[in-house]
Amino acid sequence: MSTSSRYPFTAIVGQDDLRLALLLNAVSPAVGGVLVRGEKGTAKSTAVRALAALLPPVRTVEGCRFSCDPAAPDPGCPDGPHPADRPGGERAARMVELPVGASEDRLVGALDIERALAEGVKAFEPGLLADAHRGILYVDEVNLLHDHLIDLLLDAAAMGASYVEREGVSVRHAARFLLVGTMNPEEGELRPQLLDRFGLTVEVAASREPDQRVEVVRRRLAFEDDPAAFAGRWSGEEAGLRERVAAARALLPRVRLGDGALRRIAAVCAAFEVDGMRGDLVMARTATALAAWAGRTEVAVEDVRQAALLALPHRRRRNPFDAPGLDEEKLDEVLRDAAADGPEDEPPTPPEGQAPEEPGGGDDDGPGPDGGGGGRPDPGDGAGDGSGGLPPQRTEDSGAPAPEDAPEALTGAEPGESGGGTPRPASAEQRAVAAGEPFRTKVLSVPGLGAGAAGRRSRARTEHGRTTGATRPEGALTKLHLTATVRAAAPHQRARGRSGRGLVVRRDDLRQATREGREGNLVLFVVDASGSMAARRRMGAVKGAVLSLLLDAYQRRDKVGLVTFRGREAEVALPPTSSVDAAAARLQALPTGGRTPLAAGLLKAHDVLRVERLRDATRRPLLVVVTDGRATGGPEPVALAGRAARLHAAEATASVVVDCETGPVRLGLAGELARELRGTAVTLDELRAEALTGLVKDVTDHHRARRAA
C-alpha cells in the first residue's frame with residue numbers, strides 16, 4: 001500500500017490509548033504487541049495500517065527472503081550463510097496481514113516433502129511470519145482465528161523465531177515483529193492463556209461527543225475524495241512523529257528502571273492478583289518505553305501507572321464471563337502505599353537540552369494533531385438500560401387476576417403448585433430472575449464422526465489429533481503419512497531405475513495422514529420463558545443450569561444461540577455466535593410470563609438451524625430444549641408442538657430435553673417431547689456433574705440405536 005493511499009496516523013481523531021499503545025510498541029517491540037478490543041467502526045484497522053509509515057526503513061541483505069540485516073545476518077537463515085561483502089538494500093517496514101482463514105502452511109511456511117524425501121533437499125517456501133520479520137504482523141478478528149494458529153503465532157512472537165517441522169525435516173528462521181490483533185468482543189473472547197500473551201490491550205469505542213464525530217466524518221470524506229492531497233496536508237505531522245519515534249528508540253537503552261519503580265510494579269501486580277510473572281515484565285518494558293517516549297532517562301510514577309492501565313486489564317479475568325478492566329482508585333492506592341513503604345528513586349532527568357514531557361505526549365506534541373479525547377471509553381457512554389440488549393418483549397393483554405383454581409394457561413402455575421398468594425395472569429411479565437449458581441458439567445457430545453471446526457466437544461476428522469489412516473491428498477499435502485508413502489513407493493523402485501540408497505518418490509506416492517480429534521458444535525438453547533416457568537422460582541435454577549452449559553460451551557469452543565418462547569411467539573434472543581459472554585448476558589436479562597407457545601419455539605429453532613446449515617454445513621448442531629413440556633395458546637398446541645419436533649427428528653438433529661417440571665403432580669410431557677424429537681430427556685437434578693455422565697451415554701446410545709434402525 002502506497003503512502004498516499006494510507007490514511008495518516010496523525011489524522012486519526014481521538015483514540016489516545018490506542019495510538020499510545022501502538023507507538024510504545026514501535027519504540028520498543030519487546031513490549032509484546034497490542035490487542036485492540038472494541039466495537040465496529042472505531043478506526044482499529046485504520047490505526048494499525050497507518051502505523052507502518054512511522055517505522056524506520058529496514059536494511060536487508062540483497063536477495064534474502066527472510067530480511068536479514070547486513071550488519072548482523074541470522075546465522076541460521078535458510079538462505080544463508082550470507083557473505084560479509086554481500087550488498088544490502090533498504091526498504092520500507094512491511095505491514096503483513098494474516099487472514100482469518102489462513103492455513104498453517106501459509107502462516108509458518110511450507111516444506112516440499114516430495115523433494116525432501118527424493119532428493120534430501122530442504123525446499124522451503126516462506127510464510128507470513130517470514131514476510132513480517134522486522135515489520136508489523138496484523139491479525140484482524142484475532143478471536144476468530146483457530147486456536148492452534150494463535151499458538152504458533154504467539155510462540156513465534158515470544159521466541160523471535162519460527163520453527164517448521166514436517167516428518168523429521170526442520171527449518172528455523174528469525175521472526176521478530178510487532179504483533180497487533182484486533183477483535184470485536186461481541187463475536188467471542190480469546191482464551192485467558194492467549195490474552196496473557198499480548199503485551200498491551202486497549203478498549204476502543206466511538207466517541208459520544210458530536211463535535212468529535214463530525215470531525216471524524218469530515219476527515220474521512222476528505223481522504224476518500226483525494227487521498228494524495230489529504231496525505232500531503234498531514235505530511236509535516238507524520239514526519240515529526242516519525243522523527244520522535246526514532247529519537248525514542250535511540251534513547252531507550254539509556255532509560256533507567258530504578259528499584260523504586262520495580263517495587264511499584266511488583267506491588268501493583270501482587271495487589272491485582274496477576275497470575276505469573278509476564279505482567280510484571282510487560283509493565284517494566286512498557287514503563288521504560290513510556291519514559292523514552294516522554295524524553296526522560298528515568299522511569300517515573302506516572303509511567304508505572306500508565307503501564308498498568310495498558311498491561312493489566314486483560315490479565316484480570318477470573319472466569320470467562322468477566323470483562324477485562326482495572327480499578328483505577330485501587331491502582332492509585334497501591335501506588336501511594338508502595339511509595340510510602342519503599343525507597344524513592346532519584347528525580348528523573350531529561351537529556352541535555354530537552355524538557356521533560358508527560359507520558360501521553362501532552363497537547364502540543366502528542367501522537368496526533370487533534371488533541372485529546374476518544375481514548376478509553378467513558379463507562380457511562382452507550383450504557384444500556386439493563387436489558388442486556390434484548391428486544392422489547394410482547395405480552396398478551398392481561399385482565400383481572402384469575403381465581404386460584406384457574407388452569408396453568410391462565411395463572412402461569414403448574415397443577416399441584418401454589419404461588420403462596422394471588423396468582424399472576426399468564427400474560428403478566430415478571431421481572432428477570434437471577435441465575436442460580438453455575439456448576440461443573442460433563443460433555444454433551446453429538447454422536448458420529450464430524451468434520452467441523454476444531455474444538456473440544458464431539459469426535460471429528462481434523463488437521464490435528466491422533467492419526468487414524470492415510471489417503472491420497474486433495475490439493476497440497478499438509479500432513480504426510482510417511483509409512484503409507486513408503487509402502488506406496490516401494491513396489492515401483494526397480495521400474496523407476498533406483499540404483500542408490502535413496503528412495504525414488506513421485507507425487508502419486510504421497511499419502512495424506514487422516515487424523516481424528518475434536519470439533520466445536522453449534523449448541524442452540526431453546527428456553528421456555530412462559531408463566532409456568534416462574535412457579536416456585538424454577539427459572540433461577542433453569543438459568544443456572546443453562547449458564548453452566550454455556551460455560552462448558554466456552555471451554556469447548558462451541559458456537560451458541562438462544563431462542564426463547566413466551567406469550568404468543570418465539571424470538572431469537574441471540575443468533576448463533578462465538579460470544580458465550582453475550583449469551584450469558586441475554587440469559588440473565590430474560591423475563592418470564594405469558595402462555596407457552598412450544599411449537600413456535602421449536603419452529604424458530606428449526607429456522608435458525610436451517611440457515612446455519614447453509615452458512616456452515618460442517619458444524620453439527622446440538623439442540624437443548626429447556627421446558628416443562630407444556631404447550632398452550634392457539635388451536636391444538638400439543639399437536640402443533642409434536643409436528644414441529646418431528647421436523648427436527650427428520651433431519652437427525654441431536655437433541656436433549658431438560659425437563660423443568662416439578663411438584664407432586666407431574667404430567668411427563670417433556671419425556672413425550674423428547675420421544676418426538678428422538679432425543680433424550682433429563683431432569684434438572686440430573687444435570688449436575690455427578691449425574692451427567694449417564695446423560696452423555698444415553699444421548700450417544702440413543703442416536704446409535706436410531707442409526708442402526
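Calculation notes
Residues numbered from 1 in each chain as written. Predicted model: local features only at pLDDT ≥ 70, side-chain atom pairs only at ≥ 80, totals over all residues. Heavy atoms only, no water. Pairing = 2+ DSSP bridges. Helix = DSSP H or I, 4+ residues; strand = E, 2+ residues; numbered from the N terminus. Axes fitted to C-alpha atoms, helices over the stretch in contact; angles between N-to-C directions. Contact = heavy atoms within 4.5 Å. Core = buried A, V, L, I, M, F, W, Y, C linked by side-chain atoms within 4.5 Å. Buried < 20%, exposed > 50% of the residue type's maximum accessible area, 1.4 Å probe, protein only. Parallel < 35°, antiparallel > 145°, perpendicular 65-115°, else oblique. Left-handed = near helix turned anticlockwise from the far one by under 90°. Patch = residues over 30% accessible without salt bridge, like charges linked within 9 Å, V, L, I, M, F, W, Y side chains within 5 Å. Areas by Shrake-Rupley, 256 points an atom, 1.4 Å probe, with all protein chains shown as cover. Salt bridge = Lys/Arg side-chain N within 4 Å of Asp/Glu carboxyl O. Arc of directions from axis to C-beta. Polar contact = N/O pair within 3.5 Å; in protein donor to acceptor, adjacent residues only side chain to side chain. pLDDT = per-residue confidence, 0-100. Phe/Tyr/Trp six-rings, centres within 6.5 Å; stacked < 30°, edge-to-face > 60°. Lys NZ or Arg CZ within 6 Å of the ring centre and 35° of its normal.

Trainee: Can you tell me about the sheet that holds strand β15 (residues 522-528), naming the residues and giving the values?
Mentor: Here six strands make up an open sheet; going across it, the order is β17-β16-β15-β18-β19-β20 and the pairing mixed. Looking at the sheet topology across the chains shown, the edges are occupied by β17 (569-577) and β20 (680-683). Averaged over neighbouring strand pairs, the angle between their axes works out to 15° when direction is ignored. The sheet contact formed by β15 and strand β16 (residues 559-566) spans seven bridges and is parallel. The partner of V527 across the bridge, within β16, is T564. Sitting on the sheet, helix α19 (residues 598-615) touches β15, β16, β17 and β18 (621-627), and the angle it makes with β17 is about 30°.

Trainee: Explain the nonpolar core to me, using residue names and the numbers behind them.
Mentor: If you look at the biggest cluster of nonpolar residues, it comprises 67 residues, and the most contacted ones within it are F9, L22, L51, V268, M283 and W293. In terms of residue count, the dominant contributor to this core is helix α12 (residues 278-293) (nine residues). V61, C64, L149 and L195 belong to the second largest nonpolar core, which has 36 residues in total.

Trainee: Tell me what's going on with the packing of helix α11 (residues 259-271) against helix α13 (residues 301-311), and back it up with residues and numbers.
Mentor: With their axes 10 Å apart at the nearest point, α11 and α13 run at an angle of 30° to one another. It follows from the interaxial angle that α11 and α13 lie roughly parallel. Note on packing geometry: the crossing formed by α11 with α13 is right-handed. Along the contact surface, α11 presents A261, R264, I265 and V268, while α13 presents V301, V304 and A308.

Trainee: Give a description of the environment of L647 that names residues and reports values.
Mentor: Note that L647 resides in helix α20 (residues 637-650). For the pair L647 and L677, spaced 30 residues apart in sequence, the C-alpha to C-alpha distance is 8.1 Å.

Trainee: Tell me about a nonpolar patch on the surface, residues and numbers included.
Mentor: Together, V216, V217 and L221 make up a nonpolar patch on the protein surface, roughly 260 Å² of accessible area in all. Mapped onto the fold, L221 is located in helix α8 (residues 210-225). Exposure remark for L221: the relative accessible area of 52% places this residue in the exposed category.

Trainee: Now, about helix α16 (residues 482-489): what can you tell me, with residues and values included?
Mentor: Considered for burial, the residues of α16 that qualify are A484, T485, A488 and A489. Buried residues along α16 cover an arc of 130° about the axis, so they all sit on one side.

Trainee: Report on the environment of T632, specifying residues and quantitative values.
Mentor: Residue placement: T632 occurs in the loop between β18 and α20. A distance of 2.8 Å separates the side chain of T632 from the backbone nitrogen of T596, its partner in a polar contact.

Trainee: Explain the sheet that holds strand β11 (residues 200-204) residue by residue, including any values.
Mentor: Taken in spatial order, the five strands of this open sheet run β4-β7-β10-β1-β11, and their pairing is parallel. The strands lining the two open edges of the sheet, one partner per strand, are β4 (95-97) and β11. Each strand axis lies, on average, 20° off the axis of its neighbour in the sheet, ignoring direction. Sheet topology places strand β1 (residues 34-38) next to β11; five bridges connect them, and they run parallel. Residue pairing across strands places V36 opposite V202, the latter belonging to β11. Against the sheet, helix α1 (residues 16-27) engages β1, β10 (178-183) and β11, with an angle of about 155° to β11.

Trainee: Talk me through unusual backbone geometry; I want residue IDs and the actual numbers.
Mentor: It is generally the case that most residues other than glycine have a negative phi and that most peptide bonds are trans. A cis amide bond links G80 with the next residue in sequence, P81, at an omega value of 0°. Take P81: it is sitting in the loop between β2 (58-61) and β3 (88-91). Its identity as a non-glycine residue notwithstanding, R134 has a phi of 70°, on the positive side. Positionally, R134 belongs in the loop between α5 (128-131) and β7 (136-139). When its relative accessible area of 24% is taken as the criterion, R134 is described as partly exposed.

Trainee: Let's hear about the packing of α12 against α13: which residues, and what values?
Mentor: With their axes 8 Å apart at the nearest point, α12 and α13 run at an angle of 125° to one another. When the interaxial angle is binned, α12 and α13 end up oblique. Crossing handedness for the pair α12 and α13: right-handed. Across the interface between the two elements, V282, M283, T286, A287, L290 and A291 from α12 touch D303, V304, Q306, A307, A308, L310 and A311 from α13.

Trainee: Can you lay out the confidence of the model for the protein chain for me, pointing to particular residues and giving the numbers?
Mentor: Low-pLDDT portions of the prediction should not be read for the details of their coordinates. Summary statistics for the protein chain give a mean pLDDT of 78 and a share of 78% for residues scoring 70 or more. Predicted confidence in the protein chain is weakest over helix α15 (residues 408-411), with a mean pLDDT of 37, and strongest over α12, with 94. Confidence over residues 356-427 falls short of pLDDT 50; this stretch has 146 contacts with residues more than four positions distant or in other chains. Note on residues 691-698: pLDDT under 50 across the span, and 16 contacts to partners over four residues away in sequence or across chains.

Trainee: Go over the environment of P73, please, and point to the residues and values.
Mentor: Position of P73 among the secondary structure elements: in the loop between β2 and β3. Relative accessible area serves as the criterion here: at 31%, P73 is assigned to the partly exposed category. C-alpha of P73 to C-alpha of A84: the two residues are eleven residues apart in sequence and 9.0 Å apart in space. For P73, the contacting residues outside a window of four places in its chain are C68 and H82.

Trainee: Kindly report on the packing of aromatic side chains, identifying the contributing residues and their values.
Mentor: According to the stated counting rule, one finds five aromatic pairs in the structure shown. Plain terms: the ring middles of F223 and F230 are 5.8 Å apart, the flat faces sit at 75° to each other, and that makes the pair edge-to-face. You'll find F223 and F230 in the same group, each marked buried. Ring geometry for F230 versus W234: centroids 6.2 Å apart, planes at 45°, classification tilted. The exposure classification of F230 matches that of W234, with both residues buried. Through successive ring pairs, a cluster of aromatic residues spans Y7, F223, F230 and W234. Residue placement shows R244 over the ring face of W293; its charged tip is 3.8 Å from the ring centre. Stacked on the ring of F272, the Lys or Arg K330 has its end atom at 4.9 Å from the ring centre.

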